[in-house]
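So the chains spell out like this:
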Amino acid sequence: MPPDGSRAGYCSEKTPDSKLTPGILSAEKFNVKAIVVFSSNAELVPLLDEMVRQNITGKIWIASEAWSTSSLLSIKQYSEILAGTIGFAIHSGEIMNFQEYFIHIHSSSSTQNTFMKMVWEKTFNCRRLNQENLLKIKDNATKMCTGNEKLDSLRIDSMMDFRITYNIYNAVYATMLALKDLRLCLQDGGLFIQGTCAHISNFYPWQLLHYLKKVHLQKEDKETFFDEQGNPPARYDIVNWQRVPEGTIRQVKVGTYDSSAPPGKNLIINVRAVQWAGNTQVPISVCRPSCPPGFRKVAIPTKPICCYQCAPCLRGEISNQTDSTECFKCPWDQWSNDNQIRCIPKITEFLSYNESFGAILAAASLLSTSVPVAILGLFIHYRSTPIVKSSNCYLSYLLLLSLIMCFLSSLVFIGFPTTEKCLLRQAGFGITFALCISCILAKTIMVVIAFKATKPNSDLRSWVGPQLSYTIIFFCTLIQILLCGVWLDLAPPFSVYNTHAHPGIITVECHEGSTIAFWCMLGYLGFLATISFVIAFLARNLPNSFNEAKLITFSMLAFLSVWISFIPAYFSTKGKYMVAMEIFAILSSSSSLVFCIFFPKCYIILFRPNRNTKAYLMGRDPGHIQVV
């Protein structure tokens, strides 16, 4: 704070040096653009004198109402410094017939009025004759009042000289109306204790204040009223100090401030009417240019608030105004454009048939489905041959049908994930694969029983037959059906809009409903496959005739490898790529079963028909080389 008690605020690009003395010296050192002063006019004079001495000009002064209309400072000596000042002045208005009354006041009417005598002498810079100043008047340097002076000869700028007069007039008028209401109060209908009224000649200040709060004054287009605390609306005139040809200063009204005005209209300034200090354009009051839309202002530590940086809005946020102090988040279904100035609808993403990735997976699924269909047709055509009979043809047919359904189940994962698709996806996949692995488990068990039943006095001969196979398939598949049924009943999968997987993209996907149920379903498939693998592995060294154990061992090894690899890959992907990963696992595991179990048999049927004989399979054919 300067030594004279005034306060100066400034905006500068440089950091203040604590060694410099406060006041105007530091203001010039730091290249101050604007100075805000709360002070009376008398306290500001020493500061202005120092500025005149150092010839510091071109600053924008912001004046408080205490000196915004000061005649003491509006002299030629300070005009070079204070020209362009913007100030908040007491609101002025027109008092009906007051100007006519004022300009017709004559010297003779103010003889007995001490106040008017002082106004008269100060206005015309003269002295009236009386006993007190009789000796002083003899001095030729003192001007005598002639009594013929007229106030209408003076220049009065639209009542700008009567701001305090106007406010005093309103205060007196409001008090008069309050006294009138107090006098008209009726007994037994009053507002005080027991309905009493205050007496006009003997009342308390708080009683008058009660009526004063209810006063409403309508002046021109403005209404003056009082709030619960007795305060009127805050109204100020915005004045601009402009130099006149004579070299002095006049205060020109360029705007208004009204706290009772509608939002956005409280402060109104006619910028074109303002004369700025040393400039014809509005000066820049910040350390850097304005922040464009798409950015927000960020304060720089240790620097004034007018010094800031422009930080771009984060993705998903926008600012559509210049010099915005904050960015606004877009709605959940929208995203910011490249310039961060407006929100645009997010891209909706899911694994679709229309995109190349989805089309390739769909084509691979249909192409893969055609393989077990062709093998099923081949087995039916050669059903009477030994190699088909030795493979338990009906179990092979059922296994091929389940493999066809496994390939086709991947198609349910492609396309828009509706609620119906979400219910069918995992449950359909789990049940079809449970049927497939159950068939392989039944085949493996039947291989072991068939070998053991050939031994003399074996009790397993009664178990050899299709009933055992179908029973194993039925119960193993039924467990998966019950598990999926409980899942769909208690926590069914549903369609969700995922806005967190990828910024700016809405991923439409199926939520499992219960993650525990999903992994239990998948774990049950792994359990069946593990049992099949263990049994087949233990039975791999049985006599080669009618033995599929080696083929089943390789198929289960491939099946388990695919799904074990699927687990980390599933957790490392998001959105539609997670769905594509599951489709790839379905196609890969199903293909491994087809290739490992059925391709060796198809090779013999199509390309080595000489091996498709009972003698060859029984090992009685010379040159026999076991393949299956």
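In what follows, the structure referred to is the one given above.
Source: prediction; values computed, not measured.

Peer 1: Even after reading the chapter, I still don't get the packing of helix α9 (residues 356-381) against helix α11 (residues 393-409), so can you show me in this structure?
Peer 2: The axes of two packed helices give the description: the angle between them and the distance between them. It is at 8 Å that the axes of α9 and α11 come closest, and there the two elements cross at 165 degrees. Between α9 and α11, the interaxial angle falls into the category roughly antiparallel. Viewed along their axes, α9 and α11 form a crossing whose handedness is left-handed. Taking contact as the criterion, the partners of S365, S368, T369, P372, V373, I375, L376, F379 and I380 in α9 are, on α11, S396, Y397, L400, L401, L403, I404, F407 and L408. Taken together, the residues of the contact of α9 with α11 break down into 13 nonpolar, four polar and no charged.

Peer 1: Just to check I follow, could you spell out the side chain of H91 for this structure?
Peer 2: Tracing the backbone shows H91 in the loop between β3 (86-90) and α4 (98-103). Within the structure, H91 has its side chain in polar contact with the side chain of D237 (distance 3.0 Å).

Peer 1: Would you explain the state of the cysteines in this entry?
Peer 2: Cysteine pairs can be covalently joined through their sulfur atoms, and such a bond is termed a disulfide. The final tally for this structure, using the stated rule, is five disulfides. With its sulfur 1.9 Å from that of its partner, C291 forms a disulfide with C310. Across the disulfide from C291 to C310, rotation about the S-S bond amounts to roughly -90 degrees, and the bridge is consequently left-handed. Taken together, the positions of C291 in the loop between β8 (267-269) and β9 (295-299) and C310 in strand β10 (residues 308-312) put the pair 19 residues apart, joining distant regions of the chain.

Peer 1: So what exactly am I meant to see when it comes to the environment of C510 here?
Peer 2: Checked against the element boundaries, C510 lands in strand β17 (residues 505-511). As for C510 and F413, which are separated by 97 residues in sequence, their C-alpha atoms are 9.4 Å apart. In contact with C510, not counting residues within four places along its chain, are P417, T418, C422, R425 and F494.

Peer 1: I would appreciate a short explanation of helix α7 (residues 163-183) in the present structure.
Peer 2: Two residues of an α-helix separated by three or four positions point the same way, owing to the 3.6 residues in each turn. Across its 21 residues, α7 extends 30 Å between first and last C-alpha, which sits within 8% of the 30 Å expected from 1.5 Å per residue. All of the buried residues along α7 are R163, Y166, N170, A174, A178 and L182. Buried residues of α7, viewed axially, fall in a sector of 150 degrees; they line one side. Facing away from the buried surface of α7 by more than 90 degrees, the exposed residues are I164, V172 and R183.

Peer 1: In this structure, what is going on with the side chain of N240? I would like to understand it.
Peer 2: One can find N240 in strand β6 (residues 235-243). Of the polar contacts made by the side chain of N240, one reaches the backbone nitrogen of Q275; its length is 2.8 Å.

Peer 1: Looking at this model, I keep getting lost on the pairing of strand β2 (residues 60-63). Mind explaining?
Peer 2: Side chains on a regular strand alternate between the two faces of the sheet. As paired elements, strand β1 (residues 34-37) and β2 share four bridges and run parallel to each other. Residue I35 lies in a different strand from β2, and its bridge partner there is W61. Following the backbone out of β1, through helix α2 (residues 41-54) and into the adjacent parallel β2, one traces a crossover that is right-handed. Looking at chain direction, β2 and β3 are connected through two bridges and run parallel. Bridging from a neighbouring strand, A63 pairs with G87 of β3.

Peer 1: Sorry, what's going on with the sheet that holds β17 here?
Peer 2: In sheet architecture, strand pairing relies on hydrogen bonds along the backbone and comes in two forms, parallel and antiparallel. Taking strand neighbours across the sheet as the criterion, the three strands line up as β15-β17-β16 in an open arrangement whose pairing is mixed. The sheet is open, and its two borders are formed by β15 (347-349) and β16 (494-502), each paired with just one other strand. Averaged over all adjacent pairs, the angle separating strand axes in this sheet is 35 degrees, with direction ignored. When β16 meets β17, the two strands line up antiparallel, connected through six bridges. Residue pairing across strands places S495 opposite C510, the latter belonging to β17.

Peer 1: In this structure, what is going on with unusual backbone geometry? I would like to understand it.
Peer 2: Trans is the prevailing form of peptide bonds, just as negative phi is the prevailing case for residues other than glycine. Located in the positive-phi region is N55, a residue other than glycine, with phi close to 55 degrees. Structurally, N55 is set in the loop between α2 and β2. A positive phi is found at D323, a non-glycine position, where the angle reads about 60 degrees. Within the element layout of this structure, D323 appears in the loop between β11 (317-318) and β12 (328-329). By relative accessible area, which is 25% here, D323 ends up partly exposed.

Peer 1: How should I be thinking about the packing of aromatic side chains in this particular structure?
Peer 2: Aromatic ring pairs are described here by two measures, namely the spacing of the ring centres and the angle between the planes. Counted by the stated rule, this structure contains 27 aromatic pairs. Between Y204 and W206, the ring centres sit 6.3 Å apart and the planes meet at 15 degrees, which makes this aromatic pair stacked. Just as Y204 is exposed, W206 falls in that class too. Pairwise contacts between aromatic rings join F429, F433, W487, F518, W519, F559, W563, F566, Y570 and F571 into one cluster. Note that K297 overlies the ring of Y308, its terminal NZ or CZ placed 4.7 Å from the centroid.

Cut-offs and rules
Residues numbered from 1 in each chain as written. Predicted model: local features only at pLDDT ≥ 70, side-chain atom pairs only at ≥ 80, totals over all residues. Heavy atoms only, no water. Axes fitted to C-alpha atoms, helices over the stretch in contact; angles between N-to-C directions. Helix = DSSP H or I, 4+ residues; strand = E, 2+ residues; numbered from the N terminus. Parallel < 35°, antiparallel > 145°, perpendicular 65-115°, else oblique. Left-handed = near helix turned anticlockwise from the far one by under 90°. Contact = heavy atoms within 4.5 Å. Nonpolar A, V, L, I, M, F, W, Y, C, P; charged D, E, K, R; others polar. Polar contact = N/O pair within 3.5 Å; in protein donor to acceptor, adjacent residues only side chain to side chain. Disulfide = S-S within 2.5 Å. Expected span 1.5 Å × (residues − 1). Buried < 20%, exposed > 50% of the residue type's maximum accessible area, 1.4 Å probe, protein only. Arc of directions from axis to C-beta. Pairing = 2+ DSSP bridges. Right-handed = clockwise from strand over helix to strand, strands pointing away. Phe/Tyr/Trp six-rings, centres within 6.5 Å; stacked < 30°, edge-to-face > 60°. Lys NZ or Arg CZ within 6 Å of the ring centre and 35° of its normal.

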